[in-house]
Amino acid sequence: MAITMTTVERASLERFMAEGFEALGLTAEDAAIFAGALVFSELRFHPGHGQGVRRLRRYQERIGQGLVNPRAPLDTVKDAPSLALLDANNGLGTVAAAKAMRLAIEKAKANGIGTVIVRNSTHYGSSAVHACQAEEAGCIGVAYTNAGPEMAPWGAREGAVGTNPWGIAAPTGLGFPVVMDFALTTAGKGMMLWRSREGQRMPRDWALTPDGHETDDPDAAMKGALLAIGEYKGYGLAFMTDVLTGVIGGGGFGLMPYSDQGRLDVSHSLTAIDIEWFMPLPAFRERMDRFADMVKSRATRPGFTEVLLPGEQEARRVERKSGAGVPLDDEVLADLKALGRELGVASTLEEIGPYREERL
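Now for a description of the structure that goes with this document. (Residues numbered from 1 in each chain as written. Predicted model: local features only at pLDDT ≥ 70, side-chain atom pairs only at ≥ 80, totals over all residues. Heavy atoms only, no water.)

1. Brief notes about the pattern of salt bridges
Moving on, step 1. For the structure on display, the rule yields 20 salt bridges.
Moving on, step 2. Close ionic contact of Arg-102 with Glu-29 constitutes a salt bridge, the shortest N to O distance being 3.4 Å. Of this pair, Arg-102 sits in helix H4 (residues 93–111) while Glu-29 sits in helix H2 (residues 28–44), and the two are 73 residues apart along the sequence.
Moving on, step 3. The network of salt bridges with common partners includes Arg-54, Arg-197, Asp-329 and Glu-331. (Salt bridge = Lys/Arg side-chain N within 4 Å of Asp/Glu carboxyl O. Helix = DSSP H or I, 4+ residues; strand = E, 2+ residues; numbered from the N terminus.)

So, in C-alpha cells, the structure goes:
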C-alpha cells in the first residue's frame, strides 16, 4: 500500500515549526535552532528515517510530561583553549549540540581545532545538521552521539550499544558540501515501520527477531535488536563511539542511555577543524573538486549510471524539495495541523498539492 504524501511550502513549514517550539516553552533562539534542524532533516532524508518534523509531536509529549526541560541551562563543566565539557541538564539535545558545535567552531578559529563533549543530554537529531554547521563556517565538521541500546553486539541477540550515528561534512566548490551521515546500524526502526506501512518486506541484514534470527519481516524486526553495518566492524565502531562520548564525558554509555525516560543520559561529541589553519579555503575547495573529479571519472558497474559523492543525493533532494515543496506523509501533516490547533500556532502550513514523484 503506497503511503500518500502532500507537498507544503518550505518557508511556511519553517515558520510553523518555530512557532510550535516557542509554544512549547522554548526561547525564540532555541525554537529557531530546533525548527531549522528538523526542516533540514526533512529536506535531506527519506521520511521513514524519522528525523524530520514529525518529532514536534514527540517533544510536545515529552515536555508536557516533564521528561525534558525546554529551558535547561547548558553548563560548562570544564574548559580549555581547544576542548570543553558541557552538561545539558537533560535539555534538548538538538539545541545543546548546536550550541556545542558553535563553541567548537570558535575554538577552531582560535586554535585550529575545537572539540566539545556534551553529557546528560537527549536525542540530538541527525548528525549532518551539526557537521554542516561547521562546514558553513569554513571548517570540517565531525559530529557523533551515543543512543539507546538498540544494536546487538556481534554474536549477541540483545541490544547493548546504540545506533550511534556519525556525521562528517567538508566544503567543496561544487555547490554542495560532501557529507557523510549515517547510523552504525544497517537501518533504523523508522524505516522498518515505513516498510510495514507499505506492506513490503525488508532486507534480512537490518534486524533480528527477539530470539536472534535474521528476518525480512519488519513487524517481527520491530520487536528485536538492530544489526550493525559491516557486521562486527559496525559493532566495533558503535562500541568506540560510546567510549568517545559517554565513557570519556562522564555520561551514560551502553545500557544506560534511555534506561530512564526522565533522564535519557545521552552524550555527544562535536569537533570543528579550521581549514584555514592548513591552507586558504579556496585552495582546499579546489583540491576537493579535483578529488571529486577523480572519483566521479571512474567507470561504472553494470546497473549504475554515475558515481555519487557522499551527500550528493541528499543535496539533490534539498534542491528539489526547496523548489517543488517539502513532501510530508499525510498522517504527519494531519497531526501537525492538529498540534498547531492545540498549541495555538498562528502560522498555517501552505499546501502545494499531492506528491506524485516516484523517488523521495
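2. Things to note about the sheet that holds strand E7 (residues 178–182)
Moving on, step 1. Reading across from one edge, E2-E3-E4-E8-E5-E6-E7 is the order of the seven strands in this open sheet, with mixed pairing throughout. At either margin of the open sheet sits one strand with a lone partner, and together these are strand E2 (75–79) and E7. The mean inter-strand angle of the sheet, taken between neighbouring strand axes irrespective of direction, is 15°.
Moving on, step 2. Alignment of strand E5 (residues 139–145) against strand E8 (residues 266–274), held across seven bridges, turns out to be antiparallel. Its bridge partner being in E8, Ile-140 is matched across the sheet by Ile-273. (Pairing = 2+ DSSP bridges. Axes fitted to C-alpha atoms, helices over the stretch in contact; angles between N-to-C directions.)

3. A word on the layout of surface pockets
Moving on, step 1. Taken as a whole, the largest pocket encloses approximately 1,400 Å³ of empty space.
Moving on, step 2. Contributing to the lining of the largest pocket are 45 residues, with His-49, Gln-51, Arg-55, Gly-188 and Gly-190 lying nearest its centre.
Moving on, step 3. Of all the elements in the fold, those that place two or more residues in the lining of the largest pocket are helix H3 (55–64), E7 and helix H6 (189–198).
Moving on, step 4. Of the residues forming the lining of the largest pocket, the biggest block, six residues, is contributed by H6.
Moving on, step 5. Of the residues in the lining of the largest pocket, the class split is 19 nonpolar, 17 polar and nine charged. (1 Å grid on protein atoms, 1.4 Å probe; cavity = no way out; pocket = protein on both sides within 12 Å on 5 of 7 lines; lining within 4 Å. Points joined across faces, edges and corners; volume = space filled by probe spheres on them. Nonpolar A, V, L, I, M, F, W, Y, C, P; charged D, E, K, R; others polar.)

4. Regarding the sheet that holds strand E9 (residues 326–329)
Moving on, step 1. Pairing is antiparallel in the open sheet, where three strands are placed in the order E9-E1-E10. In the strand order of this sheet, the two ends are held by E9 and strand E10 (351–354), each with one partner. Each adjacent strand pair in this sheet contributes to an overall mean axis angle of 35°, direction not counted.
Moving on, step 2. Pairing geometry for strand E1 (residues 5–8) and E9, over four bridges, is antiparallel. Bridge assignment links Met-5 to a residue of E9, and that residue is Asp-329.

5. So, empty space enclosed by the protein
Gaps left between atoms show up when a probe the size of a water molecule is rolled over them.
Moving on, step 1. Within the structure shown, the criterion is met by one cavity of 30 Å³ or more.
Moving on, step 2. Estimated volume of the largest cavity: approximately 50 Å³.

6. Description of the nonpolar core
Moving on, step 1. Core analysis: the largest hydrophobic core is formed by 31 residues, its most contacted members being Leu-13, Met-17, Phe-21, Val-53 and Leu-336.
Moving on, step 2. Counting only elements with at least two residues in this core, the list comes to helix H1 (10–23), H2, H3, H4, E9 and helix H11 (330–343).
Moving on, step 3. Among the elements that make up this core, the one with the highest residue count is H2 (seven residues).
Moving on, step 4. Those residues within four positions of Leu-13 in sequence are excluded, and the remaining contacts are Val-8, Val-39, Val-53, Val-326, Leu-328 and Leu-349. (Core = buried A, V, L, I, M, F, W, Y, C linked by side-chain atoms within 4.5 Å. Buried < 20%, exposed > 50% of the residue type's maximum accessible area, 1.4 Å probe, protein only. Contact = heavy atoms within 4.5 Å.)

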